[in-house]
Amino acid sequence: MRYVALLGWQSFFCGCLLLFFLLPSLAHALSADLEVETILRSFERDVPLEGSSNVLPGYGYLKFDVKNISQANLSFHGYGWGRYDAADSKFYDSRSKGELLYGYVEYHRQFSTLRARVGRMHIFEGVANETLDGFWAAGNLTAKISASGYAGQPVGLSSTNGRSSDTLFGGRIAYAGNDNFELGGSAKFSNNDGNSADSMLGVDLIYYLPKEMSLFGYSKFNTDQSGFAEHSWELRIPFETIEIKPYLQYYAYDSYFGTGAKAKLPFRNLAKSGESLGIYGVDTFWRKSEEWNFGTKFKYYSYDQNESSEYLGLAVNFLGEERTQSGGELGYMKGDAANNNYLLLRLFTYQDRLPKQYWAAFLSGDLVYALYDKSINGKDSSLFLSLGVGKHFWNDALDLKLSADYSSDPFYSSDFRGTLSATVYFGRGL
């Protein structure tokens, strides 16, 4: 695959191969999983100065997990992707591109909660949702108190003036009491070339209430803007086969998107808009049987500077054997803007283990249709339709899938794209 050879991080994966070929004495102890996926796509786009052009991108994805390295409880994890445009359509900024999403060595101390990672990793805890090149560690300080911390360079700021002076550090500490709640506090600070890019404090809570009810949520405070950036809280109330989930979400654009060194267009414009958004809703879920589930959705969107809107939806889902499932949703969004006032229909299905007389072993389909109350750019509807078929080979070690997507929208002409993907799971049937 030509585009894989063009990746800037291929040397990283060579290190993984060395674990297998240069350290044969450890081969009996290693536990390795390797997943390789290749995706070929085809679609047509208008390219500046080129006119209409066919775009033929090829994507490669590599994921691996190597465990039980020596007796030190070490493991090695990595995931990356690469793209190459075989048609050289000029649709992308560069014909080839690749990125290491994560690649780290992890240490897990035996008979202990202590864990540590070194390398590129994604931090998702407390106020953090960042990709970091550096160090992370977590563990219990006492029977009821746990803590984690990280430090290094943020990957997301590398495109702005390089990375030489970029820093990211933070952590979370939590207290668990009486096995029915956990209260956490967290902090995150990042700098881009010495200028503050992001500065957040947060609190999160998991509280298990009587009657199997539970409360989940978190709040984030932007210290640079001196204001709350986000609130997200939900309460789950079960009644036998029915569950009711009221929730609220709040976003203050100036604090959520930020105006620091990290802010980029179009988020910089949103941060300066002075807008805020509150979402208040209730979801209801009814498990009628092991196969049939029904639900309702209600959302109310409240803006500080724009008109409010509300959404009401009904959903149904059927669960079959294996991973087979089908379902749909019918909803109505009511708002003042033309593109925020429509009837929505969604149907989906995934059929696994089709009868042997058919070539395909699994089939997937998805349809999303919106009918607008008012015409937009001469159109009063939008449509997205996707259909895919595939087959398993070599005792499920290889998946081949062919899919076609069609979409039409008031904001652009119709679009058609085809996709062929092949995924190999080393360690299953190989």
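Described in the following lines is the structure provided in the data block.

The rules behind the values
Residues numbered from 1 in each chain as written. Predicted model: local features only at pLDDT ≥ 70, side-chain atom pairs only at ≥ 80, totals over all residues. Heavy atoms only, no water. Helix = DSSP H or I, 4+ residues; strand = E, 2+ residues; numbered from the N terminus. Buried < 20%, exposed > 50% of the residue type's maximum accessible area, 1.4 Å probe, protein only. Contact = heavy atoms within 4.5 Å. Areas by Shrake-Rupley, 256 points an atom, 1.4 Å probe, with all protein chains shown as cover. Core = buried A, V, L, I, M, F, W, Y, C linked by side-chain atoms within 4.5 Å. Pairing = 2+ DSSP bridges. Salt bridge = Lys/Arg side-chain N within 4 Å of Asp/Glu carboxyl O.

The next point concerns the overall build of the protein chain. When helices and strands are counted, the protein chain shows four helices and 23 strands. Each of the 430 residues in the protein chain was classed as buried or not, and the buried ones make up 36%. Pairs at least 24 apart in sequence give 43% of the contacts found in the protein chain among residues at least 6 apart. By element, 57% of the accessible surface of the protein chain is carried by carbon and sulfur atoms, the whole surface being about 24,500 Å².

On to the environment of Thr167, then. Tracing the backbone shows Thr167 in strand S9 (residues 167-177). The exposure class of Thr167 is partly exposed, given its relative accessible area of 32%. Note: C-alpha distance between Thr167 and Asn191 (24 residues apart in sequence) is 5.2 Å.

For the rest of this paragraph, the subject is the side chain of Thr423. Within the element layout of this structure, Thr423 appears in strand S23 (residues 412-426). The class for Thr423 is buried, based on a relative accessible area of 7%. With residues near it in sequence (within four places) discarded, Thr423 still touches Glu35, Val36, Glu37, Ala397, Leu398 and Asp399.

Counting 13 residues, the largest nonpolar core has Leu277, Ile279, Tyr301 and Tyr342 as the members making the most contacts within it. Elements with a minimum of two residues in this core: strand S14 (242-252), strand S15 (276-287), strand S19 (342-352) and strand S20 (362-376). Counting nine residues, the second-largest nonpolar core is a separate cluster that includes Ala128, Leu132, Ala138 and Leu168.

The two faces of the sheet receive side chains in turn, since in a regular strand these alternate between them. Sheet topology note: the strand S8 (residues 145-154)/S9 ladder contains eight bridges and is antiparallel. Bridge pairing in S9 links Ser148 to Arg172. Note: S9 against strand S10 (residues 181-192), eleven bridges, orientation antiparallel. Looking across to S10, one finds that Tyr175 is bridged to Leu183.

This part is about the pattern of salt bridges. Counted under the stated rule, the structure contains 16 salt bridges. Glu130 is the salt-bridge partner of Lys188, the closest N and O atoms lying 3.0 Å from each other. With Lys188 in strand S10 and Glu130 in strand S7 (residues 128-140), the pair connects residues that are 58 residues apart, well separated along the chain. Here Lys188 matches Glu130 in class, with each residue buried. Look at the salt bridges and you will find they share partners, linking Glu234, Arg236, Lys245 and Asp283 into a network.

The bulk of non-glycine residues show a negative phi, and the bulk of peptide bonds are trans. Phi angles above zero are rare outside glycine, and Phe111 is one such case at about 60 degrees. Within the element layout of this structure, Phe111 appears in the loop between strand S5 (96-108) and strand S6 (115-125). Despite not being glycine, Glu212 has its phi angle at roughly 60 degrees, a positive value. Overall, Glu212 belongs to the exposed group, its relative accessible area being 70%.

By themselves these figures say nothing about function.
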